[in-house]
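This is what each chain is made of:
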Amino acid sequence: RGVNVPTIYEYSFLVLLNVRKVMTKDCIAFSSNDTLSEVREIINRDRLHEVQTAFPVVDSNQKPIGIVTLHEIKTASLTEDASVEKIIQHKNIFI
């Protein structure tokens, strides 16, 4: 009577996906006081660019304040002694 019932049901795999299955458990975080020079040196020395593309930034109480990406760290146009906190573009969102 004018009602169209789909015959194929499309199931979303995201319904079955838990965050803990895809999250990085052992990631490197930087302090908000770390300088760009220090962060770049750590990334290059420890070859972090091979395993991680985004890094949490924490305050002095180890509370997350944001995330910086590898791209943002590499392309930041600030001086080498600027703190990594100044390039945070992804502020924390708590779910």
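In short, a report on the structure. In this text, all values refer to a predicted model and were calculated from it rather than measured experimentally.

About the thresholds
- Throughout this document, residue positions are counted from 1 along each chain, in the order its sequence is written.
- The predicted nature of this model means local features are confined to residues of pLDDT at least 70 and side-chain atom pairs, given and counted, to a pLDDT of 80 or more, with totals for whole chains, interfaces and linings taken over all residues.
- The side-chain numbers reported here are obtained from all heavy atoms of the structure, hydrogens and water having been left aside.
- Here a patch means residues that are over 30% exposed by relative accessible area and free of salt bridges, tied together within 9 Å if like-charged and within 5 Å if nonpolar (Val, Leu, Ile, Met, Phe, Trp, Tyr).
- Only the protein chains shown count as cover for residues, with accessible areas throughout obtained via the Shrake-Rupley method and a probe of 1.4 Å.
- Only one rule defines a salt bridge in this text: a Lys or Arg side-chain nitrogen within 4 Å of an Asp or Glu carboxyl oxygen.
- The numbering of helices and of strands both runs from the N terminus, where a helix is a DSSP run of H or I of at least 4 residues and a strand a run of E of at least 2.
- Residue exposure (1.4 Å probe, protein chains only): buried if accessible area is under 20% of the type maximum, exposed if over 50%, otherwise partly exposed.
- Here a residue-residue contact requires only that any non-hydrogen atoms of the pair lie within 4.5 Å.
- One requirement defines pairing of two strands: DSSP has to find at least two bridges between them.

Together, F13, L14, L17 and V22 make up an exposed nonpolar region whose accessible area comes to about 420 Å². Tracing the chain through its elements places L14 in the segment before α1 (19-22).

Mapped onto the fold, S83 is located in the loop between α3 (70-75) and β4 (90-91). Look at S83 and you get buried, because its relative accessible area is 15%. Every residue in contact with S83, bar those within four places of it in the chain, is listed here: S32, N33, D34 and T35.

With that settled, the discussion passes to the pairing of strand β3 (residues 64-69). Bridge count for strand β2 (residues 54-58) against β3 is five bridges, and the pairing is antiparallel. Bridge pairing in β3 links V58 to P64. Connecting β2 to the next strand, β3, in antiparallel fashion are five residues, including Q62 with a positive phi near 65°. Two elements, β3 and β4, share two bridges in a ladder whose sense is antiparallel. Bridge pairing in β4 links G66 to K91.

Functional significance is not addressed by these values, which are geometric in nature.
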